[in-house]
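# Architecture and fold: a report
One letter stands for each residue in the lines below.
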Amino acid sequence: MASAQEDMSKPVITTEIRKDKEGKDVVYMFIDGIKVHETDVTKQPLPPVVTPGAADKCGSPPSDAVVLFDGSEDSFEKHWIGTDGEPSRWKVVDGALESVKKAGYIRTREKFGSCQLHIEWMAPVKVKGEGQGRGNSGVFLMGNYEVQVLDSYENQTYADGQAAALYGRQKPLVNASRKPGEWQSYDIIFHRPRFDKDGKVIKRATFTVLHNGVLVQDHTVLSGGTGWNGPHAATEYKAHADKLPLSLQDHGNPVRFRNVWIRELED
C-alpha cells in the first residue's frame, strides 16, 4: 500500500516586493491570498473569543516526562542557559521563571525533536502597552518554530500574532485567553519537519495546540518558518538538525513561566 503524501502545494504562498515610505524594499507574503500580519479584520477576521474552563491542577508531568522547570533555582540552572551559551539573567520569582528585559532568549541545554510539551505562562498583571507590546513572549520548538505568547485578553492585534498563533503563519481557531495576571497553559503536540540531503523540506512540521484546554491548532501543517521577515512576511524553512533546544523569548515584557515538561515522541 502506498503511503499518503503531503500536498506541498497547499497553502498557496506568494510574495512580492513593495517600497515603503522611505523607498526601501519590503517583502510582502500572502498565504492563501491573505497578507501576513494583516490588520484589516475585514480581510483577516480575528478568531472568536471563548471563555476557557476554570484553572485547576491538571498538567502535572507524567512519569516519562523530562521536567524542564519545576519552580526551583536548581531546575532552572540544570536545564536552561542563554542562547549565547552563558548563564541567563532571567530570574526565578515566586516559583516562576520570569523574563528579564534585554536578557535575551533562553534555551534548554537538552535537544529535542518531535515532542509533547506542557508549559504554563502568565502575562503581567499590570497592563502596559498594546498590541504586540503587551505581555509578549514566545515558545520556540527546536528554537525555530514559534507558538506566540501574548496578552490577547481584550487586546487586538493581527490575528497571526495573537496568543497561540503559529507566528506569521496560522492564527488560532479561537481566542481562549485568560485575563492578565492569571496562569494560562499550552499543551503542544509537535512533529518536526524533514529535509532531504539537499536541504529541501520534504515533510513539513505539524502542530496541535490546546490553549487553556481549548483546541486552537488542529494538526496544523506549518507552511514555512515563523521568524520575523519584515512587517508582512515570515521566514522560510531552512534545513537543520533532527534535534535542537527548546527556547523561550525575551521580548521586553516580564512574562512568567512555570510547570514546563516535555515528552519526546517518535517520528
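Refer to the structure presented above.
On a predicted model such as this, the values are computed, not experimentally measured, just so you know. (Residues numbered from 1 in each chain as written. Predicted model: local features only at pLDDT ≥ 70, side-chain atom pairs only at ≥ 80, totals over all residues. Heavy atoms only, no water.)

Attention now goes to the packing of aromatic side chains. Working definition: an aromatic ring pair is given by the centre-to-centre distance plus the angle between the planes. Applying the stated criterion to the full structure yields 8 aromatic pairs. One aromatic cluster is present, formed by Tyr-145, Phe-190, Phe-195, Phe-207 and Tyr-237 through successive ring pairs. Over the ring of Tyr-28 we find Arg-18, and its NZ or CZ is 4.4 Å from the ring centre. (Phe/Tyr/Trp six-rings, centres within 6.5 Å; stacked < 30°, edge-to-face > 60°. Lys NZ or Arg CZ within 6 Å of the ring centre and 35° of its normal.)

Moving on, we come to the nonpolar core. Leu-141, Phe-207 and Phe-257 are the most contacted members of the largest nonpolar core, which has 44 residues in total. Listed by contribution, the elements that provide at least two residues to this core are strand E4 (66-69), strand E9 (115-122), strand E10 (137-141), strand E11 (145-149), strand E12 (184-191), strand E15 (206-211) and strand E18 (256-264). Ranked by residue count, the leading element in this core is E9, at 4 residues. Membership of the second largest hydrophobic core comes to 5 residues, among which are Met-29, Ile-31, Val-36 and Ala-234. (Core = buried A, V, L, I, M, F, W, Y, C linked by side-chain atoms within 4.5 Å. Buried < 20%, exposed > 50% of the residue type's maximum accessible area, 1.4 Å probe, protein only. Helix = DSSP H or I, 4+ residues; strand = E, 2+ residues; numbered from the N terminus.)

Judged by side-chain charge, Lys-101, Lys-102, Lys-126 and Lys-128 come together as a positively charged surface patch. Since its relative accessible area comes to 72%, Lys-102 is described here as exposed. (Patch = residues over 30% accessible without salt bridge, like charges linked within 9 Å, V, L, I, M, F, W, Y side chains within 5 Å. Areas by Shrake-Rupley, 256 points an atom, 1.4 Å probe, with all protein chains shown as cover. Salt bridge = Lys/Arg side-chain N within 4 Å of Asp/Glu carboxyl O. Lys, Arg positive; Asp, Glu negative; His and termini not counted. Charge placed at Lys NZ, Arg CZ, Asp CG, Glu CD.)

Here the focus is the sheet that holds strand E2 (residues 25-31). Strands sit in the order E1-E2-E3 across an open sheet of 3 strands; the sheet is antiparallel. If you trace the sheet from one side to the other, it starts and ends with strand E1 (13-19) and strand E3 (34-35), each paired once. Where E1 lies against E2, 7 bridges are found, and the strand directions are antiparallel. Each bridged residue has a counterpart across the sheet, and for Thr-15 the counterpart in E2 is Met-29. (Pairing = 2+ DSSP bridges.)

The residue Tyr-145 is located in strand E11 in this model. For Tyr-145, a relative accessible area of 3% gives the class buried. Residues Tyr-145 and Leu-222, 77 residues apart in the sequence, show an inter-C-alpha distance of 8.8 Å. Ignoring sequence-local partners within four residues, the contact set of Tyr-145 consists of Val-139, Phe-140, Phe-190, Pro-193, Phe-195, Phe-207, Leu-222, Thr-226, Tyr-237 and His-240. (Contact = heavy atoms within 4.5 Å.)

Moving on to empty space enclosed by the protein. Applying the stated rule across the entire model yields 1 cavity of 30 Å³ or more. Together, Phe-112, Gly-113, Cys-115, Leu-141, Met-142, Leu-244, Pro-245, Leu-246 and Ile-262 line the largest cavity. Taken together, the residues of the lining of the largest cavity break down into 8 nonpolar, 1 polar and no charged. (1 Å grid on protein atoms, 1.4 Å probe; cavity = no way out; pocket = protein on both sides within 12 Å on 5 of 7 lines; lining within 4 Å. Points joined across faces, edges and corners; volume = space filled by probe spheres on them. Nonpolar A, V, L, I, M, F, W, Y, C, P; charged D, E, K, R; others polar.)

Further remarks concern the pairing of E12. Consecutive side chains along a regular strand alternate between the two faces of the sheet. Judged from the 7 bridges that link them, E9 and E12 form a sheet pairing that is antiparallel. The residue bridging Glu-120 from the neighbouring strand is Ser-185, located in E12. With 6 bridges joining them, E12 and E15 adopt antiparallel strand pairing. In the sheet register, Tyr-186 faces E15, and the bridge partner there is His-211.

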